[in-house]
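Next come the chains, spelled out residue by residue.
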Amino acid sequence: MRSSNPVFSRRGFSRDNGYAGFNTAPQAGYAQGNPYAQNPYAQNPYAQPDAQLGVQPQAPAATGRMTMDDVVVRSALTLGTVAVGAVLAWALLPVSGTSYGLAVGSALIAFVLAMVQSFKRTPSPALILGYAAFEGVFLGVFSEMFNSRWSGAPFQAVLGTMAVSGATLLIYKAGWIRVTARYARVGLAIAMAFMVVMAVNLLLVAFGVAENGGLRSFGPLGALVGIIAIVLGAFFLTLDFKQIEDGIAYGAPREESWLAAFGLTMTLVWIYVEMLRLVAIFSSND
């Protein structure tokens, strides 16, 4: 079982039979001063054995381990890049057909960069920040479009995203949600089913079979779908939090903090976009 987020689906963050640390606490050796005793990072995938001496792979040096400060700094850089791109796009690109085309192009480039990073063996800050910049341009135009029709909707969506993220973090830290392998399997199955249904709905709308956006209409059904999407975003956040917690506890290399920031950024963008649509739906029905 792998993470819902492709950037967390490789070495270190997960074992072959499940998530690192799910249903477990850091090993006893961790508390006794040996943070690598019986943990997934001692089983390869970072250190290389010395073929001549027959030395087994060792866990990464303590000074090179990922910390919460690393995650916070990288996340701030990535989210800050998204914000700057959005502000510039909003300020410099008036609402028009040209800006819509640029937004779609930026979204496609961001998607390609995200996929390239997802399949790379190592994190690339350039790719991650490039993704954030193009995602920001898309969000800037997208937000301006909504604001031109529903004044103040982007600001409300930002507040809603912060509220959902903060509430999810509090619930996670309070232990009200236990991120187990079973929890992840069920949640991912629901998320995959949701995405398949949304893809089919998009095709039906494109071919004129479903009118007014189908399941994504600006009515009660569209609101229900938006709420489900936001709940799924909160689910992805819990997986991100657990992956970060395990990465720190089990001694992930510091560079992995870029992947943590990447995953958090994608999840927060998901929640913001869905929140923006939901605000617009409720505003339309006032």
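The following paragraphs examine the structure supplied in this document. From a predicted model like this one, the values you see are computed outputs, not experimental measurements.

1. Things to note about the overall build of the protein chain
When helices and strands are tallied, the protein chain shows eight helices and two strands. Secondary structure elements of the protein chain, listed N to C terminal, follow the sequence β-β-α-α-α-α-α-α-α-α. Taking all contacts inside the protein chain whose residues are at least 6 apart in sequence as the whole, residues at least 24 apart take part in 80%. Entry remark: accessible area of the protein chain is about 14,400 Å², with carbon and sulfur atoms responsible for 67%.

2. Here's the deal with the packing of aromatic side chains
Summed over the entire model, instances satisfying the criterion amount to nine aromatic pairs. Taken together, a centroid distance of 4.7 Å and an interplanar angle of 50° make the contact between Phe142 and Phe146 tilted. Taken together, the residues Phe142 and Phe146, both in helix H4 (residues 125–149) and four residues apart, mark about one turn of the helix. A single burial state applies to Phe142 and to Phe146, both of which are buried. Arranged with centres 5.7 Å apart and planes meeting at 50°, the rings of Tyr172 and Phe241 form a pair that is tilted. Placement of Tyr172 in helix H5 (residues 153–173) and of Phe241 in helix H7 (residues 220–249) is noted, with a sequence separation of 69 residues between them. Through a chain of ring-to-ring contacts, the aromatic side chains of Phe138, Phe142, Phe146, Trp150 and Phe218 assemble into a single cluster. Just above the ring of Phe218 sits the side chain of Arg277; from NZ or CZ to the centre is 5.2 Å.

3. What to know about the packing of helix H3 (residues 97–119) against helix H8 (residues 256–284)
The N-to-C vectors of H3 and H8 enclose an angle of 140°; their axes lie 12 Å apart at closest approach. Classified by the angle between their axes, H3 and H8 sit oblique to one another. Crossing of H3 over H8 shows left-handed handedness. Contact with H3, carried on its side by Ala114, Gln117 and Ser118, involves Leu259, Phe262 and Met266 of H8 and no other residues of that element. Partitioned by chemical class, the residues of the contact of H3 with H8 number four nonpolar, two polar and no charged.

About the cut-offs
- Residues numbered from 1 in each chain as written.
- Predicted model: local features only at pLDDT ≥ 70, side-chain atom pairs only at ≥ 80, totals over all residues.
- Heavy atoms only, no water.
- Helix = DSSP H or I, 4+ residues; strand = E, 2+ residues; numbered from the N terminus.
- Contact = heavy atoms within 4.5 Å.
- Areas by Shrake-Rupley, 256 points an atom, 1.4 Å probe, with all protein chains shown as cover.
- Phe/Tyr/Trp six-rings, centres within 6.5 Å; stacked < 30°, edge-to-face > 60°.
- Buried < 20%, exposed > 50% of the residue type's maximum accessible area, 1.4 Å probe, protein only.
- Lys NZ or Arg CZ within 6 Å of the ring centre and 35° of its normal.
- Axes fitted to C-alpha atoms, helices over the stretch in contact; angles between N-to-C directions.
- Parallel < 35°, antiparallel > 145°, perpendicular 65-115°, else oblique.
- Left-handed = near helix turned anticlockwise from the far one by under 90°.
- Nonpolar A, V, L, I, M, F, W, Y, C, P; charged D, E, K, R; others polar.

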